[in-house]
Amino acid sequence: MEHIILYAIVPIIVVMLAGYIAGKKGAFSGDDAKKFNKVVLDFALPAALFVSIVQASREDLARDIKLTLVSLIGIMACFMAVYFIFKYCFKKNTGADAAVSALISGSPTIGFLGFAVLEPIFGTTPSVALVVAIVGIVVNAVGIPVGLSLMNASLEKQHPGSTKKESAWKPVLHALEQPVAWAPILAVVWVLVGIPWPKYLSPSFDLIAKANASMAVFSAGITLSAIKFTINWQAVLGSIMKMVVMPAVLLIFGLLVHMDPFNLKMLVVAGALPPAFSGIIIADEYNVYTATGTSSLTLSVILFIGFCPLWIWLTDVALAAF
């Protein structure tokens, strides 16, 4: 636990705090954070995912089939649970509000904090990259299209003609066009085909890949500095759904299907990550559920400091007892 706190959590707090102070002092703005985020999502993270996965073997991928199924079913089950709870348990919420709450509290920020948290704890291995890639694909290629579809359907119902009539597949195709989605898919295909990866090419990817974790965490601090933080019951419930329910569901489901213990530990920690920043970006773009969503995000980031080592300990206890 001391290693986890000193090597995984404290560095994140320090770098995020640096970004927060820089934002508060006016050195960077919310618009600057969006530019940093674009560098992370379109360049640094895809490079990190690709170069890590292509060094895996077919045996590694075959061993991760359960990881894929547990990630997809577990995360999307929590995603839809958040949507229905926030839609039907809070009378003031519209379907659009519930959809944005699901995009936030039903999705882990794997793209921004995945490598920053998992590598110091579990090492720099292809397995870490596969967890980040699989969870990232679920969040970006499944969760976001579903959330956008639910939100647009609600907005169209409230204000007929306010949204464009688009194919239901368009959000899915748009998500798959993003480098953070197709880069790991390309790497998986590369491994399955059996093409040897030339090691001399790795340094060209590593240079930009190394910027992923530090820039993502620093950018997260800037984003938080631009958020007005207020606590209400919905923000608290959103944090509970994200920090407690999601990792618990992934842990239970993983134990039931006898997942590889190492992969299960990584997946539970990934599930305990704070809410996805992409949900906040969408909320801000559509001006839907912005205040409560950002408050839930901020509260979850604070709670993660304690929940990260807690879930690692709980997973170890569960694996020993199961």
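Structural data are supplied above this passage.
Keep in mind the model is a prediction, meaning the values are calculated, not measured.

Reading guide: rules and limits
- Numbers given to residues run from 1 along each chain, matching the order in which its sequence is written.
- Restriction of local features to residues with pLDDT of at least 70 applies here, the model being predicted, together with a cutoff of 80 or more for giving and counting side-chain atom pairs; totals for whole chains, interfaces and linings are based on all residues.
- The side-chain quantities take in all heavy atoms of the structure and omit both hydrogens and water.
- Per the convention used, a helix needs a DSSP run of H or I reaching at least four residues, while a strand needs a run of E reaching at least two, with both numbered from the N terminus.
- Residue count minus one, scaled by 1.5 Å, sets the expected span of a helix.
- Between buried and exposed lies partly exposed: a residue is buried under 20% and exposed over 50% of the maximum accessible area for its type, with that area taken using a 1.4 Å probe on protein chains only.
- Only protein atoms enter the 1 Å grid, on which a cavity is a set of points fitting a 1.4 Å probe that cannot get out and a pocket is an open set with protein on both sides within 12 Å along at least 5 of 7 lines, lining residues being those with an atom within 4 Å of a point.
- Grid points are joined across faces, edges and corners, and a volume is the space filled by probe spheres set on the points.
- Three residue categories are used. Nonpolar comprises Ala, Val, Leu, Ile, Met, Phe, Trp, Tyr, Cys and Pro, charged comprises Asp, Glu, Lys and Arg, and polar comprises the others, including Gly.
- Two residues form a contact once any of their heavy atoms are found within 4.5 Å.

### Thoughts on helix α6 (residues 110-122)
Residues spaced three or four apart along an α-helix face the same direction, because each turn holds 3.6 residues.
No. 1: For α6, spanning 13 residues, the distance from its first C-alpha to its last is only 15 Å, which falls clearly below the expected 18 Å at 1.5 Å a residue.
No. 2: Among the 13 residues in α6, eleven count as buried, and that is most of the element.
No. 3: All of the buried residues along α6 are Ile110, Gly111, Phe112, Leu113, Gly114, Phe115, Ala116, Val117, Leu118, Ile121 and Phe122.
No. 4: Of the residues flanking the end of α6, it is Gly123, one or two places downstream, whose phi is positive at about 95 degrees.

### Thoughts on the layout of surface pockets
No. 1: Approximately 370 Å³ is the volume attributed to the second largest pocket.
No. 2: Considering the residues around the second largest pocket, the lining is formed by 18 residues, among which Met16, Leu17, Leu224, Val301 and Ile302 are closest to the centre.
No. 3: Elements with a minimum of two residues in the lining of the second largest pocket: α1 (2-24), α11 (211-225) and α15 (290-321).
No. 4: In terms of residue count, α1 provides more of the lining of the second largest pocket than any other element does, seven residues in total.
No. 5: For the lining of the second largest pocket, the per-class residue count stands at 15 nonpolar, two polar and one charged.

### Let's talk about the side chain of Thr315
No. 1: Mapping Thr315 onto the fold places it in helix α15.
No. 2: Those residues within four positions of Thr315 in sequence are excluded, and the remaining contacts are Leu251, Lys265 and Val268.

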